[in-house]
Amino acid sequence: MEIGSEFHCVIEDHKSNLEYFKEEYLFGFTRGALYSVVEQLKEKGNTKFLIPNYLCESVLATFLQHHLEIQYYKINHDLSVNMEDFSCKYNKESSQVIFITNYFNVDNELLLHSQFDLANVISIVDVTHNIFSTKMSKSDIYVASLRKWIGIPSGTYVKLNNTAIVNLRTEMTESSIINEIIYKRAYAANLKTIFLSNNREELKANFLEIFNAAEKQLDENGTIHTPIDRLSSQLLQCTDWNKVFEQRKKNFLYLEENLRDVKEIITGQELLKDQVPFGFPVFTSKRDELRKYLIENQIYCPIHWPIPEIMKGKDNIIETIGSTILTLPCDQRYDIEDMKRLVSIIKKFLGVQ
Ligand SMILES: Cc1ncc(COP(=O)(O)O)c(C=O)c1O
């Protein structure tokens, strides 16, 4: 069976009562919700934004589209915030908006709050990578893209700790383009389910093409802020999240145990007891060759993230991260046997045993 790539659709007979999936927290896509947040802040006169220099292209675009006064703070090799650089750029007296990204198990929000008083500024945190491992109490706004965790056509979590700052409910629109994207993603995820359960090889090109077309359309329409679709909302409720969390942890720990001492790759920050992993990041100078080799063995690993064109040539550290990082899938679709196969193929490629 293949490992990685887009999630297929799984319908479980379960009733989740997790707080995260209450209607009040759910929206369509993160980029659209974030676009609306930034727009409302800008309308209130908040135009100075301090954001990390390492971001995924779609998130960066939401800031760039608004023509703000943007300053970038630096990220270290280990994905933590460069505190010295941050302290030079952070000015708590000015009306700066601080955007923070937590990368994998690295909780930059926690690190920043432990060293700086962020109480007087507006802080937004992207918790896509660690939503299930963070208390989300100290900052003003939290966003997370939920479609990176299970097979749902759309889904974004937004928590507003300070409801006076923005209002996301009144600003939502219905969009026929977004509906088309959701329909395509739902259709492709179901085709993938049939492909996986019946070994229907001939469906693969079909669902990949539909997923790609939907992603391209989303990239072109990232400013539209919509409600979550009904199917995604129901899939979030009927998922057995405890099972999801436990399987991810088990898989992560297996990878850590078996890759930690491999000299040719560097593994990311280890998993703390209460953390639920998003994925298992590794860093290697042979990233592109390794990725290709894994694809030849039907293992499809994403890159979080390629450096956006506009950020190229600006900072050696993020260039290095962007050209060496690879995310190994360790999610609920897989068990230890799959992780064994993944490790053995990586070791074979590197010539170690
Ligand atoms: C960390 C992070 N946040 C947000 C997004 C955007 O989420 P969505 O695809 O729901 O707009 C992405 C990329 O897709 C991401 O990697």
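Keep in mind that what you see is a predicted model, and the values were worked out from it rather than measured.

Draft legend 1. Summary view of the domain arrangement of the protein. When cut into domains, the protein gives domain 1 (3-8 + 15-160), domain 2 (176-223) and domain 3 (241-350). Look at where the C-alpha atoms of domain 1 and domain 2 centre, and you get two points 27 Å apart. At the interface, 15 residues of domain 1 touch 13 residues of domain 2. Among the secondary structure elements, those contributing two or more residues to the side of domain 1 that touches domain 2 are α1 (30-43) and α2 (57-64). The residue makeup of the side of domain 1 that touches domain 2, split by class, is five nonpolar, eight polar and two charged.

Draft legend 2. Examining the site of the ligand more closely. The environment of the ligand is formed by Phe-29, Thr-30, Arg-31, Cys-56, Ser-58, Val-59, Asp-126, Thr-128, Ser-145, Arg-147 and Thr-156. The set of elements that each furnish at least two residues to the shell around the ligand consists of α1 and α2. Here the shell around the ligand is composed, by residue class, of three nonpolar, five polar and three charged.

Draft legend 3. Highlighting the sheet that holds strand β12 (residues 325-328). Taken in spatial order, the three strands line up as β9-β10-β12 in an open sheet, and their pairing is antiparallel. Of all strands in the sheet, those bounded by a partner on one side alone are β9 (266-267) and β12. Here β9 pairs with strand β10 (residues 280-283) via two bridges, running antiparallel. Bridge pairing links Thr-267 to Val-282 in β10.

Draft legend 4. View of the sheet that holds strand β3 (residues 48-52). Strand order in the open sheet formed by seven strands is β2-β8-β7-β6-β5-β3-β4, and the pairing between neighbours is mixed. Looking at the sheet topology across the chains shown, the edges are occupied by β2 (26-27) and β4 (69-73). Inspection of the sheet shows strand β6 (residues 122-126) paired to strand β7 (residues 141-145) by three bridges, in the parallel sense. Each residue of the ladder has a partner; that of Val-125, found in β7, is Tyr-142. In the packing of α1 onto the sheet, contacts are made with β2, β5 (96-101), β6, β7 and β8 (156-160), and the angle to β7 comes to roughly 155°.

Draft legend 5. Region of interest: the nonpolar core. Core analysis: the largest hydrophobic core is formed by 76 residues, its most contacted members being Val-37, Val-97, Val-143, Leu-255 and Leu-328. The leading source of residues in this core is α1, at six residues. When residues of this core are assigned to domains, at least three fall in each of domain 1 (3-8 + 15-160) and domain 3 (241-350). Leu-328 has contacts with Leu-255, Gly-279, Phe-280, Val-282, Cys-301 and Leu-342, leaving out every residue within four places of it along the chain. One finds Ile-178, Phe-207, Ala-214 and Leu-218 within the second-largest nonpolar core, a separate group that totals 13 residues.

Draft legend 6. How the structure looks around α1. For α1, built from 14 residues, the straight-helix expectation of 20 Å at 1.5 Å per residue is met to within 8% by its first-to-last C-alpha distance of 20 Å. Counting buried residues in α1 gives ten out of 14 residues, a clear majority hidden from the surface. Buried within α1 are the following residues: Thr-30, Arg-31, Gly-32, Ala-33, Leu-34, Tyr-35, Ser-36, Val-37, Val-38 and Leu-41. Next to the buried residues of α1 lie β2, α2, β5, β6, β7 and β8. Among the residues trailing α1, Gly-45 stands out with phi positive, at a value near 95°.

Reading the values: the criteria
Residues numbered from 1 in each chain as written. Predicted model: local features only at pLDDT ≥ 70, side-chain atom pairs only at ≥ 80, totals over all residues. Domains from an automatic or database assignment. Contact = placed C-beta atoms within 7 Å. Helix = DSSP H or I, 4+ residues; strand = E, 2+ residues; numbered from the N terminus. Nonpolar A, V, L, I, M, F, W, Y, C, P; charged D, E, K, R; others polar. Near = placed C-beta within 6 Å. Pairing = 2+ DSSP bridges. Axes fitted to C-alpha atoms, helices over the stretch in contact; angles between N-to-C directions. Core = buried A, V, L, I, M, F, W, Y, C linked by C-beta atoms within 7 Å. Buried ≥ 20, exposed ≤ 12 C-beta atoms within 10 Å, placed from the backbone. Expected span 1.5 Å × (residues − 1).

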